[in-house]
Amino acid sequence: MEFYLNSCVLDEIKEINEWGILDGVTMNPSMMAAVGGDFKKTFTDICKTVSCKVFSQVSAPDAKTMVEEAKIINSLGDKVVVKVQTSIEGIKAIQKIKETTDIEICATAIHTTMEALVVAKAGADHAAIFLGLLGEADERSTNDLMQGVTEAYMAGGIDTKVMSAARSLQQIVDGFRMGADEMTCSYGLWKLFFANAYTIDRWAKFEGSWKKAFGDKNWITG
């Protein structure tokens, strides 16, 4: 079970990294475009900030250029995973990259079980299943998709890791329940991990009871 933060904002990454449970950082071209500036510097700064995996995506539309971009991205950090879009050109690129390099590849923006099967066949190390938009725009549960992918992978003896790209806490939980190996979500969603009102209220009561009985004393000073 691996937890990834979907962000390319350095302050967000530093904060979540301090939690001690961060396994990786993911990002996409739209997020990089929103940050602007020198995108190579942004990426290398992130790689220097964390010791975990950092995922970044090629932007080219054709397989040949994707392969060249993948090599450049991979050279910018020690634990880089290159994301390649799920398309015909992307499938061509994944195969070429895996045949000629040892670069770790994540096929991204997968919305169907068929797409997940194809990227695994091509040799992708990770398959990022985009649950967010499906959960917003489709009345069917995204659990069906996650279960379909994980069951197909298990039946076929496929080693490709299934990543749940989630937009809600429930999608994260359900993704792991359905057999996902890893998840990625936004900084905002990470901040909701401990936002349950009952949990907050219980801690407040513990703290209040202790202060009433012992004041400012703690296990160090008492």
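Residues numbered from 1 in each chain as written. Predicted model: local features only at pLDDT ≥ 70, side-chain atom pairs only at ≥ 80, totals over all residues. Heavy atoms only, no water.

Let's talk about the packing of aromatic side chains
Part 1: According to the stated counting rule, one finds 10 aromatic pairs in the structure shown.
Part 2: Consider the rings of W19 and W190, whose centres lie 5.4 Å apart with planes at 65 degrees: the pair is edge-to-face. Note that W19 is positioned in the loop between α1 (10–17) and β2 (24–26) and W190 in helix α10 (residues 187–190), a separation of 171 residues in sequence.
Part 3: Accessibility expressed as a relative area gives 32% for W19, which makes it partly exposed.
Part 4: Overall, W190 belongs to the buried group, its relative accessible area being 0%.
Part 5: Measuring from ring centre to ring centre gives 6.0 Å for W19 and F194, while their planes differ by 50 degrees; the resulting arrangement is tilted. (Phe/Tyr/Trp six-rings, centres within 6.5 Å; stacked < 30°, edge-to-face > 60°. Helix = DSSP H or I, 4+ residues; strand = E, 2+ residues; numbered from the N terminus. Buried < 20%, exposed > 50% of the residue type's maximum accessible area, 1.4 Å probe, protein only.)

Some points on helix α11 (residues 197–214)
Part 1: Between the first and last C-alpha of α11 there are 26 Å, a value that for 18 residues agrees with the 26 Å anticipated at 1.5 Å per step.
Part 2: For α11, the capping residue at the N-terminal end is N196, with a side-chain oxygen 2.9 Å from the backbone nitrogen of Y198.
Part 3: One or two positions beyond α11, positive phi appears at G215, with a value near 65 degrees. (Expected span 1.5 Å × (residues − 1). Polar contact = N/O pair within 3.5 Å; in protein donor to acceptor, adjacent residues only side chain to side chain.)

Focus on the pairing of strand β6 (residues 126–130)
Part 1: Where burial is concerned, most of β6 is hidden: 4 out of the 5 residues are buried.
Part 2: Pairing geometry for strand β5 (residues 104–110) and β6, over 3 bridges, is parallel. When the bridges of β6 are listed, C106 appears paired with H126.
Part 3: With respect to chirality, the unit in which β5 leads through helix α6 (residues 113–122) into the neighbouring parallel β6 is right-handed. (Pairing = 2+ DSSP bridges. Right-handed = clockwise from strand over helix to strand, strands pointing away.)

Quick notes on the packing of helix α4 (residues 63–74) against helix α5 (residues 88–100)
Part 1: The geometry of α4 relative to α5 is characterised by a closest axis approach of 8 Å and an angle of 45 degrees between their N-to-C directions. Relative to α5, α4 is oriented oblique. Seen along the crossing, α4 lies across α5 with a hand that is right-handed. Residue-level inspection shows A63, M66, V67 and A70 of α4 in contact with α5, the latter providing E89, G90, K92, A93, K96 and I97.
Part 2: Per-class residue counts for the contact of α4 with α5 are 6 nonpolar, 1 polar and 3 charged. (Axes fitted to C-alpha atoms, helices over the stretch in contact; angles between N-to-C directions. Parallel < 35°, antiparallel > 145°, perpendicular 65-115°, else oblique. Left-handed = near helix turned anticlockwise from the far one by under 90°. Contact = heavy atoms within 4.5 Å. Nonpolar A, V, L, I, M, F, W, Y, C, P; charged D, E, K, R; others polar.)

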